[in-house]
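One-letter residues, chain by chain:
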Amino acid sequence: MVQEKLPVTQAIRILRAARVPFTDHPYAYEERGGTAVSCRELRVAEHAVIKTLVMEDESKRPLIVLMHGDRDVSTRQLARHIGVKTISPCSPAAAARHSGYVVGGTSPFGTRKLMPVYVERSILELDKIYINGGRRGYLVGIAPQALVEVLKPELVEVAVGGSAASA
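Structure report, in brief. The structure displayed is predicted, hence computed values, not measured ones. (Residues numbered from 1 in each chain as written. Predicted model: local features only at pLDDT ≥ 70, side-chain atom pairs only at ≥ 80, totals over all residues. Heavy atoms only, no water.)

Position of Thr23 relative to the elements: it lies in strand β1 (residues 23-26). Classification of Thr23 as partly exposed rests on a relative accessible area of 31%. Separated by 109 residues in the primary sequence, Thr23 and Asn132 place their C-alpha atoms 12 Å from one another. Beyond its immediate chain neighbours, meaning those up to four positions away, Thr23 contacts Lys128, Leu139, Val140 and Gly141. At 2.6 Å, the side chain of Thr23 forms a polar contact with the side chain of His25. (Helix = DSSP H or I, 4+ residues; strand = E, 2+ residues; numbered from the N terminus. Buried < 20%, exposed > 50% of the residue type's maximum accessible area, 1.4 Å probe, protein only. Contact = heavy atoms within 4.5 Å. Polar contact = N/O pair within 3.5 Å; in protein donor to acceptor, adjacent residues only side chain to side chain.)

With that out of the way, let us pick up the nonpolar core. In this structure, Leu66, Phe109, Ile123, Ile131, Val140, Ile142 and Leu147 are the most contacted members of the largest nonpolar core, which totals 25 residues. Those elements that provide at least two residues to this core are α1 (10-17), β2 (49-57), β3 (62-68), α4 (92-99), β6 (117-120), β7 (129-135), β8 (138-142) and α5 (145-151). Once residues within four sequence positions are removed from consideration, Ile131 is found in contact with Ile50, Thr52, Leu66, Pro108, Phe109, Tyr138, Leu139, Val140, Ile142 and Leu147. Counting residues in each nonpolar core, the second largest holds 12 residues, with Leu63, Leu78, Ile87 and Tyr118 among its members. (Core = buried A, V, L, I, M, F, W, Y, C linked by side-chain atoms within 4.5 Å.)

Enumeration over the complete set of coordinates arrives at eight salt bridges. Notably, a salt bridge pairs Lys51 with Asp72, separated by 3.4 Å at the nearest N-O pair. Here the residue Lys51 occupies a position in strand β2, and Asp72 occupies one in strand β4 (residues 72-73), the gap between them amounting to 21 residues. Each member of the pair, Lys51 together with Asp72, is buried. Each of Glu30, Arg40 and Glu41 takes part in salt bridges that share partners, so that together they form one network. (Salt bridge = Lys/Arg side-chain N within 4 Å of Asp/Glu carboxyl O.)

This part takes up the environment of Lys152. Tracing the backbone through its elements, the reader meets Lys152 in the loop between α5 and β9 (154-156). Classification of Lys152 by relative accessible area gives exposed; the value is 63%. As a C-alpha pair, Lys152 and Asp24 span 128 residues in sequence and 23 Å in three-dimensional space. Within the structure, the side chain of Lys152 is placed 2.5 Å from the backbone oxygen of Glu149, a separation counted as a polar contact.

This part covers the side chain of His68. One can find His68 in strand β3. The class of His68 is buried, set by a relative accessible area of 1%. Side-chain polar atoms of His68 contact the side chain of Ser122, separated by 2.7 Å. With residues near it in sequence (within four places) discarded, His68 still touches Glu46, His47, Val49, Ile50, Lys51, Glu120, Ser122, Ile123 and Leu126.

For an α-helix, the turn length of 3.6 residues means that residues three or four places apart are oriented alike. Those residues of helix α3 (residues 75-82) lying buried are Thr75, Leu78 and Ala79. Looking down the long axis of α3, one finds its buried residues gathered within 100° of arc, a one-sided arrangement. Facing away from the buried surface of α3 by more than 90 degrees, the exposed residues are Arg76 and Arg80. Buried positions along α3 lie against β2, β3, β4, β5 (87-89), β6 and β9. (Arc of directions from axis to C-beta.)

By themselves, these figures tell us nothing about what the structure is for.
Structure follows, in structure tokens:
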């Protein structure tokens, strides 16, 4: 049996330095497949697959939002919560510039720029989460408490149902 060589990304370096136990979960990446593909390929609940979303306020200040794969972010509620007029997703180029990761492979760990991180509170209620390890087609499984320990995020309640709406 041939062992697949797993990536050592900046995210993995940060997790190792923080002594966070994690499991590797490579999968066949599909362009624009999102969490529906990763949960299908890994046979895990989409609710436990966490999206790393790079967004910005009206002044183009970037921030990261971590959200369940089967939920969307109410940008209106998030903007109200952090005291800005608007929040919107960054363009793929801006997200890559801020994070240092290509879209589809964005991890909240080891970003190029230090950005505020907002985590949907209910994520911390899960036993294990699957989050991008810094490369397309590669998630890591961690305890959700590791997000708090490593990222020092602000907890928010800005999830909205399904995967279509975002306002």
